[in-house]
Amino acid sequence: MKNSYIWDPVVRLVHWLLAAGFAANALFTDPDGTLHQTIGYFIAALLGIRLLWGLIGSRYARFSSFRPDLGAAAGHLADIAAGRRNCHKGHSPLGALMICNLLLTLLGIALTGWLLTVPLLTSAGWPEELHEVLVTWAEVSVLLHAGAVLFETRRTKVRLARAMITGYKNLPDRSAGT
């Protein structure tokens, strides 16, 4: 096993702050309250930071290191079905799809949340309906993400949640170079 530094402090901090902010707004705040709105703006700022960091950040933070690829994701599923234990330094192909899904969904939530504050649209029903649909999709996605992290940790023996805390992944010596 080789301990490899993968996740820089910006990636880790934004990840956990997004998780906390989303959980707070989805579970604990009044959707019509100012705290909900303030946390929403904080999440939007975090997304802006993460998008910028995806362009200029460290190697595994960059979007170029985990481009969504349906063929690679299908290969990852085939590896799982066949019991092959390929480990990835950065995001796995399925992980890359999930990260893109979560970032885009959170951006949609932030945008529709902001639209709810625009006086011209306050009486329109669609921004709130779309906001609620996106929140539900994000909740499902977060549960799938957490379940996949637990599953992949058990399957590959790589402690993924720990890596998102420390920045280090303890990988087999012959792990995938991605």
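Details of the structure are given in the entry above.
Here the structure is a predicted model, which is why all the values come from computation and not from measurement. (Residues numbered from 1 in each chain as written. Predicted model: local features only at pLDDT ≥ 70, side-chain atom pairs only at ≥ 80, totals over all residues. Heavy atoms only, no water.)

1. Quick look at the overall build of the protein
For step 1, the next point in the chain: When helices and strands are counted, the protein shows six helices and two strands.
For step 2, the next point in the chain: If you list the helices and strands of the protein from N to C, you get β-α-α-α-α-α-α-β.
For step 3, the next point in the chain: Split into buried and exposed, the 178 residues of the protein put 38% on the buried side.
For step 4, the next point in the chain: When the accessible surface of the protein is totalled, it reaches about 10500 Å², and 67% of it is carbon and sulfur.
For step 5, the next point in the chain: Here the protein carries 16 positive and 11 negative side-chain charges, and the mean point of each set is 21 Å from the other. (Helix = DSSP H or I, 4+ residues; strand = E, 2+ residues; numbered from the N terminus. Buried < 20%, exposed > 50% of the residue type's maximum accessible area, 1.4 Å probe, protein only. Areas by Shrake-Rupley, 256 points an atom, 1.4 Å probe, with all protein chains shown as cover. Lys, Arg positive; Asp, Glu negative; His and termini not counted. Charge placed at Lys NZ, Arg CZ, Asp CG, Glu CD.)

2. Some points on the packing of helix H3 (residues 70-82) against helix H5 (residues 126-156)
In a pair of packed helices, the angle between the axes and the distance between the axes together describe the arrangement.
For step 1, the next point in the chain: Contact geometry of H3 with H5 gives a least axis separation of 12 Å together with a crossing angle of 55°. As summarised for this structure, H3 and H5 are arranged oblique, according to the angle between their axes. Once H3 is placed against H5, the crossing between them reads as left-handed. Residues His76, Asp79 and Ile80 of H3 touch H5, and the partners they reach there are Phe151, Glu152 and Arg155.
For step 2, the next point in the chain: Its residues assigned to classes, the contact of H3 with H5 shows two nonpolar, one polar and three charged. (Axes fitted to C-alpha atoms, helices over the stretch in contact; angles between N-to-C directions. Parallel < 35°, antiparallel > 145°, perpendicular 65-115°, else oblique. Left-handed = near helix turned anticlockwise from the far one by under 90°. Contact = heavy atoms within 4.5 Å. Nonpolar A, V, L, I, M, F, W, Y, C, P; charged D, E, K, R; others polar.)

3. Details of a negative patch on the surface
For step 1, the next point in the chain: A contiguous patch of negative charge on the surface is contributed by Asp30, Asp32, Glu128, Glu129 and Glu132.
For step 2, the next point in the chain: Within the element layout of this structure, Asp32 appears in the loop between helix H1 (9-28) and helix H2 (34-56). (Patch = residues over 30% accessible without salt bridge, like charges linked within 9 Å, V, L, I, M, F, W, Y side chains within 5 Å. Salt bridge = Lys/Arg side-chain N within 4 Å of Asp/Glu carboxyl O.)

4. Focus: the packing of H2 against helix H4 (residues 93-115)
For step 1, the next point in the chain: H4 packs onto H2 with a crossing angle of 140° between their chain directions and a minimal axis gap of 10 Å. It follows from the interaxial angle that H2 and H4 lie oblique. Note on packing geometry: the crossing formed by H2 with H4 is left-handed. Contacts from Tyr41, Ala44, Leu47, Arg50 and Leu51 in H2 reach Leu103, Leu106, Leu107, Ala110 and Trp114 in H4.
For step 2, the next point in the chain: Taken together, the residues of the contact of H2 with H4 sort by class into nine nonpolar, no polar and one charged.

5. Some details on the pattern of salt bridges
For step 1, the next point in the chain: Scanning the entire structure with this criterion turns up two salt bridges.
For step 2, the next point in the chain: The salt bridge partner of Glu152 is Arg155, with a shortest N-O separation of 2.5 Å. Of this pair, Glu152 and Arg155 both sit in helix H5, separated by three residues, roughly a single helical turn.

6. Some details on H5
For step 1, the next point in the chain: In a regular helix each residue adds 1.5 Å, so 31 residues correspond to 45 Å; H5 covers 43 Å between its end C-alpha atoms and thus fits that length.
For step 2, the next point in the chain: Turning to H5, its buried residues number three or more, namely Pro127, His131, Leu134, Val135, Ala138, Ser141, Glu152, Arg155 and Thr156.
For step 3, the next point in the chain: On its buried side, H5 packs onto H1, H2, H3, H4 and helix H6 (160-166). (Expected span 1.5 Å × (residues − 1).)

7. A look at the pairing of strand E2 (residues 168-171)
For step 1, the next point in the chain: Along E2, the buried face is formed by Lys169 and Leu171; none of Tyr168 and Asn170, which line the opposite face, is buried.
For step 2, the next point in the chain: Strand direction decides the pairing type here: strand E1 (residues 2-5) and E2, joined by four bridges, are antiparallel. Within E2, the position partnered with Lys2 by the bridge is Leu171. (Pairing = 2+ DSSP bridges.)

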